[in-house]
Amino acid sequence: SSGINAEYGEREAEITELKERLENKKRPCSRGDGAFNELLSSSDDATRPLIFYKQQHEYLLEEVGRMKGVRETLEQSLREKERNEHVYVSEIAQLGQENRRLARNRSRESANMEYLKNVMVRYLILANGSERRQVLSAILTVLQLTADEMQQVKHKLSPGWLG
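Residues numbered from 1 in each chain as written. Predicted model: local features only at pLDDT ≥ 70, side-chain atom pairs only at ≥ 80, totals over all residues. Heavy atoms only, no water.

## Considering the overall build of the protein
- Broken down by element type, the protein carries five helices and zero strands.
- For the protein, the residues scored as buried account for 7% of the 163 residues in total.
- Counting only contacts in the protein whose residues sit at least 6 apart along the sequence, the fraction spanning at least 24 positions is 33%.
- Accessible surface, the protein: about 13900 Å² in total, of which carbon and sulfur atoms supply 54%. (Helix = DSSP H or I, 4+ residues; strand = E, 2+ residues; numbered from the N terminus. Buried < 20%, exposed > 50% of the residue type's maximum accessible area, 1.4 Å probe, protein only. Contact = heavy atoms within 4.5 Å. Areas by Shrake-Rupley, 256 points an atom, 1.4 Å probe, with all protein chains shown as cover.)

Shown next, in the form of structure tokens:
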């Protein structure tokens, strides 16, 4: 009878221990699953590396998620920069054309100014009235006077000067 009682006591202790383990598994945990909590509660030296690897695995999963977010942000930024690049290239081409046009205009203005200077010098040194009229006509053409300005000039000059 004492052997049965001893065996009964051992079995009762095993049942109590199993119930406690079951209760530990049912408790909500903040990290991982029930197996992880069981490893944490265990003080066995063999389970410590498993705990470390589980923690490292969770950390690396979080880091991968964070890196995916960073990559997505960088890809979006790159796409935006590529879209802007087309706009900038177009603007650069337009500015280059405008620059060439302005250079041509400047060159033309310089040539026109030189021509006007030469015509004015000729006008001033001529004594003959008919030649001066021809030169004055060239001057007025180069100056590109408006109709109103042309009327004012005709009014000031003596009749017959501009034809």
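Additional details are given in the paragraphs that follow.
## Details of the confidence of the model for the protein
- Residues of the protein with pLDDT of at least 70 account for 79%, and the chain-wide mean is 79.
- The spread of mean pLDDT over the elements of the protein runs between helix α2 (residues 34–41), the lowest at 57, and helix α3 (residues 48–125), the highest at 88. (pLDDT = per-residue confidence, 0-100.)

## Some remarks on the packing of aromatic side chains
- In this structure the tally under the stated criterion is one aromatic pair.
- Centre to centre, the rings of F52 and Y53 are 5.5 Å apart; their planes meet at 65°, and the pair counts as edge-to-face.
- Among the residues examined, Y53 registers a relative accessible area of 54% and is labelled exposed.
- Sitting over the face of the ring of Y123, R132 holds its NZ or CZ atom 4.3 Å from the ring centroid. (Phe/Tyr/Trp six-rings, centres within 6.5 Å; stacked < 30°, edge-to-face > 60°. Lys NZ or Arg CZ within 6 Å of the ring centre and 35° of its normal.)

## Overview of helix α4 (residues 129–143)
- When the terminal C-alpha atoms of α4 are compared, their 21 Å separation across 15 residues agrees well with the 21 Å that a helix rising 1.5 Å per residue should span.
- Of the positions making up α4, those classed as buried are V135, L136, I139 and L140. Projection of α4 onto a plane perpendicular to its axis shows the buried side chains occupying an angular sector of 145°, all on one side. In α4, those exposed residues whose orientation departs by more than 90 degrees from the buried face are Q134 and T141.
- The opening residue of α4, the one whose side-chain oxygen lies 3.1 Å from the backbone nitrogen of S130, is N128.
- A positive phi of about 50° marks Q144, the residue just after α4. (Expected span 1.5 Å × (residues − 1). Arc of directions from axis to C-beta. Polar contact = N/O pair within 3.5 Å; in protein donor to acceptor, adjacent residues only side chain to side chain.)

## Describing the nonpolar core
- Residues L116, V119, Y123, L126, V135, L136, I139 and L140 constitute the largest nonpolar core, which totals eight residues.
- If you list the elements that add at least two residues to this core, you get α3 and α4.
- A total of four residues in this core trace back to one element, the largest contributor, which is α4.
- If near-sequence neighbours (up to four positions away) are discounted, L116 is found in contact with I139, V142 and L143. (Core = buried A, V, L, I, M, F, W, Y, C linked by side-chain atoms within 4.5 Å.)

## Concerning the pattern of salt bridges
- Using the criterion set out here, one finds four salt bridges in the structure.
- With a shortest N-O distance of 2.5 Å, E63 and R66 are connected by a salt bridge. With E63 and R66 both in helix α3 and three residues apart, the pair spans about one turn of that helix.
- By relative accessible area, which is 21% here, E63 ends up partly exposed. (Salt bridge = Lys/Arg side-chain N within 4 Å of Asp/Glu carboxyl O.)

## Concerning unusual backbone geometry
- Residue Q144 is not a glycine yet carries a positive backbone phi of 50°.
- Mapping Q144 onto the fold places it in the loop between α4 and α5 (147–156).

## With respect to the environment of L145
- Summarising the element assignment, L145 is placed in the loop between α4 and α5.
- By relative accessible area, L145 is classed as partly exposed at 26%.
- Once residues within four sequence positions are removed from consideration, L145 is found in contact with L140, M150 and V153.

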